[in-house]
Structure formats: C-alpha cells, structure tokens
Amino acid sequence: GSGSTTNDSDTDDTDPDAATSASEIDVLTSLAKRRTELDARAQSLDMRANLIAAAERRVDAKIADLKALQSQIQALLGQRDAAQDKQVTALVKVYSAMKPRDAARIFNTLDEPVLLAVAGAMKPDALALIMAQMEPKQAQDLTVKLADKLKLPQEAALPQVASIVAGARGLFGA
C-alpha cells in the first residue's frame, strides 16, 4: 500500500493495506486461474464443435452419395425392367403365334419364373387354348401360381417395407 517502501516497520502483519493487497492478489490470482481454466474449456468445446461439424459434413456427403447411388440403381433397375418387359412381350408373341398344343408342350417344362411372366402377359383367350392342351397338373399349378401372383406383391412387400423403415430408424436414431 501507501508508504510501505520507505519504512520496513510499516509493513508488518497488522497493516490493513498489506492484508487487503494480499487478499486482492489472492482473488486476482484465483480469477486469473479460473479465467485460464474457462478459456481452456471454451477452446476444448470449440474443438469438439468443429469435430462434430466436420462429422456432420461427412455424414451429409455420404447421404448425398447414397442418394446419387440410389438414383443410379433405380435408373438401372428401370432399364432392366424395360428390357425384361420387352423380352417377355416378344415371348408372348412367339407363344401366341404357335399352335396351342405345341405351346402347351413347352409350357409343361418351362421354368416357373419364365412361365409365370409369359402366361401372365398373354391374352386370356390365347392362354386358355394353351392351358387346355397342358398336362392337367401343370395347368392347375399354373392357375394357382397366377392367382397367387395377383395377391402376393402386397402381402410380400409389407415385411420388407417394415424392415426398411426399422433399418432407417436405427440409422438415423428416430
């Protein structure tokens, strides 16, 4: 405090200015230490925020990549479906132009996916003539499978849709 530099006897422990100065120094030291701790914590929080922001940018980029990939896959699937439809249409024309007995002989031995695709795309009157010439068991199986094909997509798709939704919820934490 005041005049403590001129006389050593003035700076004894009973000097109120010296006690105040010491307590002020302690408070200022404590405040400076606390400020340093808060600055370090703020720097740590800023670094974490930057890391989170960078991770979010990477996730956003991955999502954009996946959406682009999904679009490409959908386009390719569309092309494949169009090519398959064209192929089935050509087969329908071939079997419709054949004699029913000849077509029936082939239908009796066709693989199920091809048989269902072709038979399902045929006009009912042409298919009826062919089925009348098929082996009874084969004609019955074809009838049941064509009937199942009409109702299956909705029932079969439900568990698949549910699993996709559940997977998406798990992925995005919703």
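Here, the structure is the one placed above.
Calculation notes
- Residues numbered from 1 in each chain as written.
- Predicted model: local features only at pLDDT ≥ 70, side-chain atom pairs only at ≥ 80, totals over all residues.
- Heavy atoms only, no water.
- Helix = DSSP H or I, 4+ residues; strand = E, 2+ residues; numbered from the N terminus.
- Buried < 20%, exposed > 50% of the residue type's maximum accessible area, 1.4 Å probe, protein only.
- Contact = heavy atoms within 4.5 Å.
- Areas by Shrake-Rupley, 256 points an atom, 1.4 Å probe, with all protein chains shown as cover.
- Arc of directions from axis to C-beta.
- Axes fitted to C-alpha atoms, helices over the stretch in contact; angles between N-to-C directions.
- Parallel < 35°, antiparallel > 145°, perpendicular 65-115°, else oblique.
- Left-handed = near helix turned anticlockwise from the far one by under 90°.
- Nonpolar A, V, L, I, M, F, W, Y, C, P; charged D, E, K, R; others polar.
- Core = buried A, V, L, I, M, F, W, Y, C linked by side-chain atoms within 4.5 Å.
- Patch = residues over 30% accessible without salt bridge, like charges linked within 9 Å, V, L, I, M, F, W, Y side chains within 5 Å.
- Salt bridge = Lys/Arg side-chain N within 4 Å of Asp/Glu carboxyl O.

Would you take a moment to explain the overall build of the protein chain for this structure?
Looking only at helices and strands, one finds 5 helices and 0 strands in the protein chain. Ordered by position from N to C terminus, the α and β elements of the protein chain give α-α-α-α-α. Put simply, the protein chain has 174 residues, and 13% of those count as buried. Considering only intrachain contacts with a sequence separation of at least 6, the fraction spanning at least 24 residues in the protein chain is 57%. By element, 59% of the accessible surface of the protein chain is carried by carbon and sulfur atoms, the whole surface being about 13700 Å².

Got a minute to help me understand helix H4 (residues 124-133) in this structure?
Each full turn of the α-helix corresponds to 3.6 residues, which orients residues three or four apart in the same direction. For H4, the complete set of buried residues consists of Ala126, Leu127, Ile130 and Met131. In a view along the axis of H4, the buried residues occupy a sector of 130 degrees, so they form one face of it. Turned more than 90 degrees off the buried face of H4, the exposed positions are Pro124, Asp125, Leu129 and Ala132.

Is there a simple way to think about the packing of helix H2 (residues 100-107) against H4 in this case?
Each pair of packed helices can be summarised by the angle the axes make with each other and by the distance between the axes. As a packed pair, H2 and H4 sit with axes 8 Å apart at the nearest point and diverge in direction by 70 degrees. Classed by the angle they form, the pair H2 and H4 counts as roughly perpendicular. Handedness of the crossing formed by H2 with H4: right-handed. Mapping the contact onto sequence places Pro100, Arg101, Ala103, Ala104 and Phe107 in H2 and Leu127, Leu129, Ile130 and Gln133 in H4. Residues belonging to the contact of H2 with H4 are distributed by class as follows: 7 nonpolar, 1 polar and 1 charged.

Just to check I follow, could you spell out the nonpolar core for this structure?
Soluble globular proteins: nonpolar side chains tend toward being buried together. Within the largest apolar cluster, 19 residues are counted, with the highest numbers of intra-cluster contacts made by Phe107, Met122, Leu127, Ile130, Met134 and Leu142. Those elements that provide at least two residues to this core are helix H1 (16-97), H2, helix H3 (112-121), H4 and helix H5 (136-172). When neighbours within four sequence positions are excluded, Phe107 is seen to be in contact with Tyr95, Leu115, Val118, Ala119, Met122, Leu127, Ile130, Met134 and Leu142.

Where do I start with a nonpolar patch on the surface in this structure?
Judged by side-chain polarity, Leu66, Leu69, Ile73 and Leu77 come together as a nonpolar surface patch covering roughly 350 Å² of accessible area. Inspection of the secondary structure puts Ile73 in helix H1. Taking relative accessible area as the criterion, Ile73 reaches 43% and is therefore assigned partly exposed.

Function cannot be inferred from these measures alone, as they are strictly geometric.
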